[in-house]
Amino acid sequence: MKKFIVAFLFLGAAAESYAQHTDFRKTVENRYSSVDLVDDGGEVGRDNVASKSEWESLLFGATNAEVEFSVEPSFEGAYGLRLRRSAPEGPFVLEAVRISNRAEVEADLVRKFPTVAVPAQWMTPEFPEDVLDVVARHNDAIRLEREKERAEKDVYEVSAVSVPVGERFADKLRAKFVSFIDRFEGGRLPAGELRSDGESTTFRAITGEELRTLHIGFRTENEARALSDLCKRMIADIEAGRFDEREYGSMDR
């Protein structure tokens, strides 16, 4: 059987910290936003989802899984990976999720709400500024209409494929995420760097009563890139129907 040696090495990475020269946000929050009492005297916690982006909420809903990984590309549908139990006391499953129709949705919005472009050859000192102001206001209004359409209609389709995984695999994957988030160190941003299109990446894990999140806004480096690539490989394997947890090595090396 073909082995994913690179994945094995990633899972067994040494416990070191590396400075990441990119913009980031690292938070430690309460796992639950509130705790309710139930009729039998027990308690039920409400998951704290305040730090989730709109795309994450579409992918994962209003709950937090044991482990969550998500990628938000500039021009493609967001996608991610989460480790959750199939039932409150059930076995673990690893689930790949993806917004599968973003391109179609955006194309439809462009057709329904077109913006106005001023040809470059018209942009001369003599071109009336009041016309440019009208065009700018029109385009701003159109973009607001697009946002309103996105918010009001259930336009995005989320595909999900899950595979069962063992307790040991789940424990090691969670420990990998928690250790990585805890050891992450931010470095100085490169002087004069232009940051435009790319992808933002979020790593999230539950440990005890804490919810730990690391959001990297532009690019991943070093260990962040390694863990991101590993999760992307898992997503690809799950979606292709070839995932086998044994091919990912031992996560405690």
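Report on the sheet that holds strand β7 (residues 92–99), specifying residues and quantitative values.
The strand order across the open sheet formed by seven strands is β2-β11-β10-β5-β6-β7-β8, and the pairing between neighbours is antiparallel. Two strands close off the open sheet at either side, each with one partner strand: β2 (24–30) and β8 (158–165). Mean inter-strand twist for the sheet, computed between neighbouring axes without regard to direction, equals 15 degrees. The pairing of β7 with β8 spans eight bridges and is classified as antiparallel. What sits directly across from Ala96, in β8, is Val161. Along the sheet, helix α5 (residues 167–183) contacts β2, β5 (67–73), β6 (79–85), β7, β8, β10 (199–207) and β11 (210–216); its crossing angle with β10, the most-contacted strand, is approximately 115 degrees.

Describe in detail the packing of aromatic side chains, supporting the description with residues and values.
Each aromatic ring pair is characterised by the separation of its centres together with the angle its planes make. The final tally for this structure, using the stated rule, is nine aromatic pairs. When the ring of Phe169 is compared with that of Phe243, the centres are 6.1 Å apart and the planes differ by 85 degrees; the resulting orientation is edge-to-face. Placement of Phe169 in helix α5 and of Phe243 in the segment after α6 (222–240) is noted, with a sequence separation of 74 residues between them. For the pair formed by Phe169 and Phe243, the shared burial category is buried. These aromatic residues form a ring-pair network of at least three members: Phe24, Phe69, Phe177, Phe180, Phe184 and Phe203. Against the face of Phe92 rests Arg85, its NZ or CZ located 3.9 Å from the ring centre. A cation over an aromatic ring shows up here: Arg98 above the ring of Tyr79, its NZ or CZ 4.7 Å from the ring centre.

Give me the lowdown on the pairing of β11, citing residues and values where you can.
Most of β11 is tucked away: six of the seven residues are buried. Sheet topology places β2 next to β11; seven bridges connect them, and they run antiparallel. Residue Thr27 lies in a different strand from β11, and its bridge partner there is Thr213. Strand direction decides the pairing type here: β10 and β11, joined by seven bridges, are antiparallel. Paired with Ile206 across the two strands is Leu211, which belongs to β11. With antiparallel pairing between neighbouring strands as the criterion, β10 and β11 make up a hairpin whose turn holds two residues, including Gly208 at a positive phi of roughly 60 degrees.

For the side chain of Ser51, give the residues involved together with the corresponding values.
With respect to the element layout, Ser51 can be found in the loop between β4 (43–47) and α2 (54–60). A relative accessible area of 19% means that Ser51 is categorised as buried. Here Glu29 takes part through its side chain, which lies 3.2 Å from a polar atom of the side chain of Ser51. One polar contact links Ser51 to Arg204, side chain to side chain, over a distance of 3.4 Å. Excluding residues within four positions of it along the chain, Ser51 makes contact with Arg25, Glu29, Glu56, Arg204 and Thr213.

Explain the pattern of salt bridges to me, using residue names and the numbers behind them.
Taken as a whole and judged by the stated rule, the model has 19 salt bridges. Put simply, Glu95 and Arg84 hold a salt bridge, and the shortest N to O gap is 3.1 Å. Of this pair, Glu95 sits in strand β7 while Arg84 sits in strand β6, placing them 11 residues apart in sequence. The class of Glu95 is buried, set by a relative accessible area of 7%. A single salt-bridge network, built from bridges that share partners, covers Lys52, Glu56, Glu68 and Arg204.

With reference to specific residues and values, describe the packing of α5 against α6.
Two elements in contact, α5 and α6, have axes separated by 11 Å at closest approach and are oriented at 150 degrees. Considering their axes alone, α5 and α6 lie roughly antiparallel with respect to each other. For α5 against α6, the interelement crossing comes out left-handed. Contacts from Phe169, Leu173, Lys176, Phe177, Phe180 and Arg183 in α5 reach Glu223, Ala224, Leu227, Cys231 and Met234 in α6. Partitioned by chemical class, the residues of the contact of α5 with α6 number eight nonpolar, no polar and three charged.

Describe helix α3 (residues 102–112), and please don't skip the residues or the numbers.
When α3 is considered as a whole, its buried residues turn out to be Arg102, Val105 and Leu109. Along the axis of α3, the buried positions cluster into a sector of 65 degrees, meaning they face one direction only. Counted as exposed and oriented over 90 degrees from the buried face of α3: Ala103 and Arg111.

Explain the side chain of Thr202 residue by residue, including any values.
For Thr202, the position within the fold is in strand β10. Among the polar contacts listed, one links the side chain of Thr202 to the side chain of His215, at a separation of 2.8 Å. Ignoring any residue separated from it by four or fewer positions in sequence, one finds Thr202 in contact with Glu56, Glu68, Phe69, Ser70, Thr213, Leu214 and His215.

So, how was this worked out
Residues numbered from 1 in each chain as written. Predicted model: local features only at pLDDT ≥ 70, side-chain atom pairs only at ≥ 80, totals over all residues. Heavy atoms only, no water. Pairing = 2+ DSSP bridges. Helix = DSSP H or I, 4+ residues; strand = E, 2+ residues; numbered from the N terminus. Axes fitted to C-alpha atoms, helices over the stretch in contact; angles between N-to-C directions. Contact = heavy atoms within 4.5 Å. Phe/Tyr/Trp six-rings, centres within 6.5 Å; stacked < 30°, edge-to-face > 60°. Buried < 20%, exposed > 50% of the residue type's maximum accessible area, 1.4 Å probe, protein only. Lys NZ or Arg CZ within 6 Å of the ring centre and 35° of its normal. Polar contact = N/O pair within 3.5 Å; in protein donor to acceptor, adjacent residues only side chain to side chain. Salt bridge = Lys/Arg side-chain N within 4 Å of Asp/Glu carboxyl O. Parallel < 35°, antiparallel > 145°, perpendicular 65-115°, else oblique. Left-handed = near helix turned anticlockwise from the far one by under 90°. Nonpolar A, V, L, I, M, F, W, Y, C, P; charged D, E, K, R; others polar. Arc of directions from axis to C-beta.

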